[in-house]
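Residues per chain, in single letters:
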Amino acid sequence: MKVLVPIKRVIDYNVKVRVKADNSNVDLANVKMAINPFCEIAVEEAVRLKEAGTATEVIAVSIGDKSCQEQLRTALALGADRAIQIDTDQNLDSLHVAKLLQKVVEEEQPQLVILGKQSIDSDNNQTGQMLAALTGMAQGTFASAVNVDGEKVNVTREVDGGLQTVALNLPAIVTTDLRLNEPRYASLPNIMKAKRKPLAVKPAADFGLDLTARTTLLKVTPPAERQAGIVVESIDELVEKLKNEAKVIS
Amino acid sequence: MAAAMINERDLEFMLYELFDSEGLIGRERYQDHDRQTFNEVINTAKAIAEKHFLPIRQKLDTHQPTFDGKKVHLIPELKPAIAAVNASGIGSATADYELGGMQLPPIVASAAATYLTIAGGVGMGYNMLTTANANLLQAHASKELIDTWVKPMLDGRFMGTMAMTEPGSGSGLGDLSTKAVKASDGSYRVSGSKIFISGGDHDLSENIVHLVLARVQGAPKGVKGISLFVVPKFLLNDDGSIGADNEVALAGLFHKMGGKAQTSTALSFGEKSGSVGYLVGEENQGLKYMFHMMNEARIMVGTSGAVLANAGFQYSLDYAKNRPQGRLPSCKDPLSPMVNIIEHADVRRMLLAQKAYAEGAMALVLYGTQLSDDEKTAPSQEQREYAHTLLDFLTPIIKTWPSEYGPKANSYAIQVLGGHGYINEHPVEMFYRDNRLNAIHEGTTGIQSLDLIARKVPMNNMEGYLATISEMNKTIVIAKEIEGLNEFSSELKNAVNTLNSTTESVLKAMSTKNIDLALANSVSYLSMFGHVIIAWLWLKQGIVASNALAEQPHQDDKHFYQGKLQALQYFYRIELPQVAVWQKVLVNTDSTSFDMQAEWF
Ligand SMILES: Cc1cc2nc3c(=O)[nH]c(=O)nc-3n(C[C@H](O)[C@H](O)[C@H](O)COP(=O)(O)OP(=O)(O)OC[C@H]3O[C@@H](n4cnc5c(N)ncnc54)[C@H](O)[C@@H]3O)c2cc1C
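Residues numbered from 1 in each chain as written. Chains lettered and ligands numbered in written order. Predicted model: local features only at pLDDT ≥ 70, side-chain atom pairs only at ≥ 80, totals over all residues.

> Honestly, the overall build of chain B in this entry has me stumped. Any pointers?
Scanning chain B from N- to C-terminus turns up 19 helices and 12 strands. Here the C-alpha radius of gyration of chain B, 25 Å, is about what a compact globule of 601 residues would show, namely 25 Å. Each of the three principal axes of chain B carries a C-alpha extent, and together these read 80 × 60 × 60 Å. Taking the intrachain contacts of chain B between residues at least 6 apart in sequence as the baseline, contacts between residues at least 24 apart amount to 74%. (Helix = DSSP H or I, 4+ residues; strand = E, 2+ residues; numbered from the N terminus. Rg over C-alpha atoms; globule rule 2.2 N^0.38 Å. Contact = placed C-beta atoms within 7 Å.)

Structural data, given as structure tokens:
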């Protein structure tokens, strides 16, 4: 069974995100980048399936400019067998990403596509679902457990009220939640092995898709700075302020 | 968010801007690498540090190993943490591919290890000793010994020690009395007592490989009669499996002020019929071989001093940015909000002092580490020999300066936290205690200072000394042309001149005066030399920072480089003037300490 894992290069979660002075976007200059944490969980899950003998090949794919090869190499060091970079320097909408992935799915015919439920930079939570719609594959989102069982995969989903387990026919799409697994770190021998694993580069333009942007980023503003606190005189004053100023109780 | 363990931007600066680690890829040994493999190794080390060591750091400090008369007990969490390090390959990262290593440049391995040192410090000591032990054997032992002992150590199955010190023989190894008698099968029977042997007993590995200094029966007295032996805790069967007990008895554990996770043992060898020992190399050459390990260990000791200094610096910096207390002298309004303590100039002074010490020391130890690589892998024979000359000369300084000023930095970290720094809710007092060992083991500061002035300086017509001076002169010339650095360039020039004239007068005193008197202020000489070297390395950092600032870097980088220049200025204005004090003591062959009588105390 082939497993396809799309991964995204994003700002490192340890980095304090800053907004450009003209509010046009997040300031990525000089900032440490990393593999999106949810994607890392997806890689881990695929590698575990391979180690368990369920999967035969794990393919990591990323869409972006040459710099995303870094994250692909990380995925290879974590245990993916080969990687594909879809080369573009455009900032793509989720739908375009999903359409490009659809082409990869058609080409590679994976039985399982495991994605992160969202990327920590744009927080869209769309790509997996869109890919499912485009490919007609079943989907299990927000997975906290994945068990392949013959022609089916059982996915335990984290939903508001608790857990829901669904059985999907393969091929299927799974998006990962935080508690699915704890990703490993790459061992040194595997870091070296990763350098010799195949990494194919395919220009996005070659896929024959219309990739013109459908959304425009208008502006980005940072969250309001926390105001200095004040000392209230009495409980009554506190309650009054919570009611009328903060409007958190009524 | 918790304080960063280490300033990653600074680590990157050291690796890729101050030293050209990326350029190492051009060397055949490192051709499979690139900056990404380097960074991935660092990420892996950080991940292990965060996952396995940081959570148990305090427990390692508060639960020191115990001995029930039969076995040593360590906290159970340490073994899996060390196993994780071994499984990751970090323990053998710099080793050859054939030995299961990844041929990682030592400077990168050292950068990666900073995380492990900070997070679990002493727990890692077991691995570091093992690596140094394996390296010594690879350099000096027979193929048979290497095949038998090195591989299992690199795999993490066995661990290693260095067993030199005895109750009656510490700094003066020439007086050691552990005995070795040759047996009919060519091996030896070793007997005697050793103390302070780090990692001398534990349950972390299947076997422990002691490298023991002993005197073969009939060998000359003093350092010329010392041989080196592999004495394992357990002998091996023919198939390599663990065999009979080799009479290496644990006589007891020492209880230390810091570094508590690493057992410090008193060992008794061969009380009944002698422990089986295998000679390394030739008889009576033991000290020479041991110096191989000690030279490497001395760089590690300096590195530990520097890294712990950085750890305390980062912790206290974060604290100072977040702790509100008091108001500036100019503010008289009690209703105004308190300022964070970093707003107080005196707190910034203590942070700057830490920065100057910690990052100066880090530059020094990484420079030393790079030299230890260059002496083996630099492209030409000439470059390799030159690197060897520099390293051999600078080793006492690389060992000592960070060991002396690292704890000073940690003391400032405690001071920045005030009372909160004195209690174990914050790790700075532990950093201080852990760091305090570094000026003691692997040759005390006093011993290092004698090594520097009496041996290293005059050696080979002052070859190492002159090479060091010429390296500094190169930097002085470059800095002179850079706006903003000319002041420091001429200060360093003056300091180097002072060093030259002082060296001349100390050497003269050594040949004309009572030698005991002439060497009485040897530590002043080491301090002076150390300060000049650190001033030089700060000027080198200043050059990188100035050039980078001229390129209009990103705002964050601007701040970073500006900080480098400010710390440079701090070192030159507040620390370097010390040189004049030491000069006076040395040039006058000041006899205050020498003349002092035991009875006068
Ligand atoms: C935690 C710890 C771990 C250690 N690990 C190991 C280990 O793994 N293996 C090992 O073999 N040893 C180890 N040691 C031993 C260590 O190397 C010695 O403690 C050290 O070399 C000093 O020897 P000493 O303690 O006997 O002190 P001494 O030699 O008695 O020195 C006491 C003082 O006298 C000064 N002094 C001594 N001789 C001279 C001289 N000739 N000129 C001027 N001043 C002098 C010293 O500088 C020092 O200030 C360890 C020690 C400690 C505390």
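> Which parts of the structure should I look at to understand the sheet that holds strand 10 (residues 172–176) of chain A?
Working definition: the strands of a sheet are paired by backbone hydrogen bonds and lie parallel or antiparallel to each other. Residues and elements named next belong to chain A. Spatial ordering of the open sheet is given by 9-8-7-10-6-1-4-5-11, a layout of 9 strands whose pairing is mixed. Each having just a single partner strand, strand 9 (162–169) and strand 11 (199–203) make up the two edges of the open sheet. Within this sheet the neighbouring strands show an average axis-to-axis angle of 30°, counted without direction. Direction of pairing for strand 5 (residues 82–87) relative to strand 11: parallel, over a ladder of 5 bridges. Its bridge partner being in strand 11, Asp87 is matched across the sheet by Pro203. Where helix 3 (residues 94–108) meets the sheet, its contacts fall on strand 1 (2–6), strand 4 (57–64), strand 5 and strand 6 (112–116), and the angle it forms with strand 1 comes to roughly 160°. (Pairing = 2+ DSSP bridges. Axes fitted to C-alpha atoms, helices over the stretch in contact; angles between N-to-C directions.)

> Please clarify how the nonpolar core should be interpreted in this entry.
Generally speaking, a soluble globular protein has its nonpolar side chains buried in company with each other. Counting 239 residues, the largest nonpolar core has A:Val5, A:Val43, A:Ala60, A:Ala75, A:Ala80, B:Phe229 and B:Ala535 as the members making the most contacts within it. The biggest single contributor to this core is helix 8 (residues 286–322) of chain B, with 19 residues. Contacts of A:Ala75, omitting those with residues within four sequence positions, involve A:Val5, A:Ile7, A:Ile35, A:Val43, A:Ala60, A:Ala80 and A:Ala83. (Core = buried A, V, L, I, M, F, W, Y, C linked by C-beta atoms within 7 Å. Buried ≥ 20, exposed ≤ 12 C-beta atoms within 10 Å, placed from the backbone.)

> Is there a simple way to think about the pairing of strand 10 of chain A in this case?
Along any regular strand, the residues point their side chains to alternate faces of the sheet. Residue and element names in this part refer to chain A. Counting buried residues along strand 10, 5 of its 5 residues qualify, which places the element largely inside the surrounding structure. Covered by surrounding structure in strand 10 are Ala172, Val174 and Thr176 together with Ile173 and Thr175, the residues of both alternating faces. Bridging between strand 6 and strand 10 involves 5 bridges; their strand directions are parallel. Opposite Val113, over in strand 10, you have Ile173 as the bridge partner.

> Sorry if this is basic, but what is going on with the interface of chain B and chain A here?
Interfaces are often described in size by the accessible area the parts lose on coming together. The interface is formed by 19 residues belonging to chain B together with 15 residues belonging to chain A. In terms of residue count, helix 2 (residues 35–53) of chain B provides more of the side of chain B that touches chain A than any other element does, 8 residues in total. When the residues that make up the side of chain B that touches chain A are grouped by side-chain class, the tally is 8 nonpolar, 7 polar and 4 charged. (Nonpolar A, V, L, I, M, F, W, Y, C, P; charged D, E, K, R; others polar.)

> In this structure, what is going on with unusual backbone geometry? I would like to understand it.
The bulk of non-glycine residues show a negative phi, and the bulk of peptide bonds are trans. Residue and element names in this part refer to chain A. Along the chain, Leu170 connects to Pro171 via a cis peptide bond; the corresponding omega equals -5°. Along the chain, Pro171 falls in the loop between strand 9 and strand 10. Non-glycine residue Asp123 carries a positive phi angle of around 55°. On the basis of neighbour counts, which here come to 8 C-beta atoms within 10 Å, the residue Asp123 falls in the exposed class. Backbone geometry places Phe142, a non-glycine residue, at a positive phi of 55°. Turning to its location among the elements, Phe142 is positioned in strand 7 (residues 138–149).

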